[in-house]
Structures are given as C-alpha cells and as structure tokens.
Amino acid sequence: MISSATFHVISTELVVGSFAMAGVCFLLKALQSFNILHSEKISQVTDITGHFALGFGLIATPFAIISGISSSPGSDISSPLLVNKMLLSMIATGLATAALYARYRIGIKVWSSKPSSIIQSSTGLAASGFMLLTASVGGKFTRNESLFDVLNLPFDTIFLMPIWIIAIILVTGLATTVLSILNLRKKSAVQH
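Residues numbered from 1 in each chain as written. Predicted model: local features only at pLDDT ≥ 70, side-chain atom pairs only at ≥ 80, totals over all residues. Heavy atoms only, no water.

A word on the overall build of the chain
Here's step 1: Helices and strands together make up the secondary structure of the chain, namely five helices and zero strands.
Here's step 2: When the helices and strands of the chain are listed from N to C terminus, the series reads α-α-α-α-α.
Here's step 3: Across the 192 residues in the chain, those meeting the buried criterion constitute 38%.
Here's step 4: Across the chain, every contact between residues at least 6 apart in sequence was considered, and the portion connecting residues at least 24 apart equals 77%.
Here's step 5: Summed over all atoms, the accessible surface of the chain reaches about 11,200 Å², with 71% contributed by carbon and sulfur. (Helix = DSSP H or I, 4+ residues; strand = E, 2+ residues; numbered from the N terminus. Buried < 20%, exposed > 50% of the residue type's maximum accessible area, 1.4 Å probe, protein only. Contact = heavy atoms within 4.5 Å. Areas by Shrake-Rupley, 256 points an atom, 1.4 Å probe, with all protein chains shown as cover.)

Here you go:
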C-alpha cells in the first residue's frame, strides 16, 4: 500500500496536468474568439479536450485535497499557506464547474457568439490559472519555493487576492450564470 504523501503527489500531478491541458485548450479557444486563430479542426479538438480535461481535473481534485490533508505534517490547517491552497482550489473548482455546466446546458452553441465564447474561454482559463496557483502554493509549503516567486505574491497572508481580482472573478461567474439562463430561456421559448 502506498503512503498518503505518495498518493498526494500522484493525484496532484493528475490535477495539475489536467488543468494545464485545459488551460492550453481554453487559451486556443480565446484566440479563436478574437479571430487570431482559424481552424475548425482545432476548434473541435480544443472544445472536447478542454472540457474533458477540466472534468477529469475536477474528479481528481478531492483525492488531492484529502491525501494532502492526511499527509501534512500538522494535524490541523493552521498554516496560512494551507488556507490559501484551500481558498484557491475552491475558486478553481467553482469556475471549472461553471464552465462545464454552461457547456453541458448550452452545448456547442456556447461558442457561437463572441461574447459567450469569450466568457466561456475566460472561465476555463481562470479555473486553470487558479488551480495552477494552488499547486504553486503547495510548492511554497513543501519546498519553500514557488513557480510564482518572481511575482512576490503574499502567500503567507490569508487575503491573497486584491479586491479587483475578486471583482473580476465575481463578474465572470455572474456573466456565465446570466448567459446560461438567457440561453436556456431561448431554448425553452423555441420548444413551445
């Protein structure tokens, strides 16, 4: 039987790899939204792969969280780094769930207009970014180094994000929700 620390490394790599792949796909979709990249094949592949990777990352996330808690040196979550990891992973989980739900409910038409395409790709990119930031905080906790050390982020304080970032996340989440509701109403009006 493997230790919880080893299982945490395995599950974390699955989460980070999945969210990184999803981030690349949503970046390509964002470039297509701004007419920088034109390819129907890339569009189909990135849509399917990005959402699948996001879903797989979501499935692997609870395993990474549970194994991380059981393998942490202390018995409680008293470190500001661990609190920030929890906060960031929950933000990423919420954004990923919103992106998957919008794609499931609206279907391929989520990419049919520029505003909805930008919102969908932004939500997927934000989810990927926050999960990668979560992994970076984990590196800071275990090895005292982070991929984002050059940005000098205050990982050791609980309030990691400035108000303007929170506002962007809130607006993106609300816009995704409103877009989903409006498209659902259009679908139900057509069916009657």
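Don't stop here, the text continues.
Focus: unusual backbone geometry
Here's step 1: Positive phi is not limited to glycine here, since Asn-35 has a value of about 60°.
Here's step 2: Here Asn-35 is to be found in the loop between helix 1 (4-33) and helix 2 (40-71).

Section: the side chain of Ser-11
Here's step 1: Relative to the helices and strands, Ser-11 is located in helix 1.
Here's step 2: In this structure the side chain of Ser-11 is engaged in a polar contact, spanning 3.4 Å, whose partner is the side chain of Ser-67.
Here's step 3: Sequence-distant contacts of Ser-11, that is, excluding residues within four places in its chain, are made with Ala-60, Phe-63, Ala-64 and Ser-67. (Polar contact = N/O pair within 3.5 Å; in protein donor to acceptor, adjacent residues only side chain to side chain.)

Section: the side chain of Ser-33
Here's step 1: Inspection of the secondary structure puts Ser-33 in helix 1.
Here's step 2: Once you skip the residues sitting within four places of it in the chain, Ser-33 turns out to touch Lys-114, Ser-117, Ile-118 and Ser-121.

As for the packing of aromatic side chains
Here's step 1: What the rule picks out here adds up to two aromatic pairs.
Here's step 2: With centroids separated by 6.5 Å and ring planes inclined at 40°, the aromatic side chains of Phe-26 and Trp-111 adopt a geometry described as tilted. Of this pair, Phe-26 sits in helix 1 while Trp-111 sits in the loop between helix 3 (80-106) and helix 4 (114-143), and the two are 85 residues apart along the sequence. Of the two residues examined, Phe-26 and Trp-111, each falls in the buried class.
Here's step 3: Directly above the ring of Trp-111 sits Lys-29, whose terminal nitrogen or CZ lies 4.4 Å from the centroid. (Phe/Tyr/Trp six-rings, centres within 6.5 Å; stacked < 30°, edge-to-face > 60°. Lys NZ or Arg CZ within 6 Å of the ring centre and 35° of its normal.)

Points about the packing of helix 1 against helix 2
Here's step 1: Close contact between helix 1 and helix 2 brings their axes to 7 Å; oriented N to C, the two are set at 155°. Our classification of the angle between helix 1 and helix 2 gives roughly antiparallel. As helix 1 packs across helix 2, the resulting crossing turns out to be left-handed.
Here's step 2: By residue class, the composition of the contact of helix 1 with helix 2 is 18 nonpolar, 17 polar and two charged. (Axes fitted to C-alpha atoms, helices over the stretch in contact; angles between N-to-C directions. Parallel < 35°, antiparallel > 145°, perpendicular 65-115°, else oblique. Left-handed = near helix turned anticlockwise from the far one by under 90°. Nonpolar A, V, L, I, M, F, W, Y, C, P; charged D, E, K, R; others polar.)

Describing the confidence of the model for the chain
If pLDDT is low for a region, its predicted coordinates should not be looked at in detail.
Here's step 1: Here the chain averages 81 in pLDDT, while 78% of its residues score no lower than 70.
Here's step 2: In the model of the chain, helix 5 (residues 163-191) stands out as the element of lowest mean pLDDT, 72, in contrast to helix 1, which has the highest, 90. (pLDDT = per-residue confidence, 0-100.)

Considerations on helix 1
Here's step 1: Between its first and last C-alpha, helix 1 extends 42 Å over 30 residues, near the 44 Å set by a 1.5 Å rise per residue.
Here's step 2: Asn-35 lies just past helix 1 and shows a positive phi near 60°. (Expected span 1.5 Å × (residues − 1).)

Re helix 2
Here's step 1: Helix length check: helix 2 (32 residues) gives 45 Å between terminal C-alpha atoms against 46 Å at 1.5 Å per residue, within 8%.
Here's step 2: The sharpest bend along helix 2 comes to roughly 30°, located at Ala-60, with the proline Pro-62 sitting one to four residues further on. (Bend = angle between axes of the 7 residues up to and from the residue.)

Examining the nonpolar core
Here's step 1: Membership of the largest hydrophobic core comes to 24 residues, with the highest contact counts inside it found for Val-15, Phe-19, Leu-54, Ala-96, Ala-127 and Phe-130.
Here's step 2: Sorting the residues of this core by element identifies helix 1, helix 2, helix 3 and helix 4 as the ones contributing at least two each.
Here's step 3: Counting residues per element, this core draws most heavily on helix 3, which supplies seven residues.
Here's step 4: Leaving out residues up to four positions away in the same chain, Leu-54 has contacts with Phe-19, Ala-22, Phe-26, Ala-96, Ala-99, Leu-100, Ala-127 and Ser-128. (Core = buried A, V, L, I, M, F, W, Y, C linked by side-chain atoms within 4.5 Å.)

A short note on the environment of Leu-95
Here's step 1: With respect to the helices and strands, the residue Leu-95 is situated in helix 3.
Here's step 2: On the basis of relative accessibility, which here comes to 7%, the residue Leu-95 falls in the buried class.
Here's step 3: Here Leu-95 is in contact with Thr-123, Ala-126, Ala-127 and Phe-130, once residues within four sequence places are set aside.

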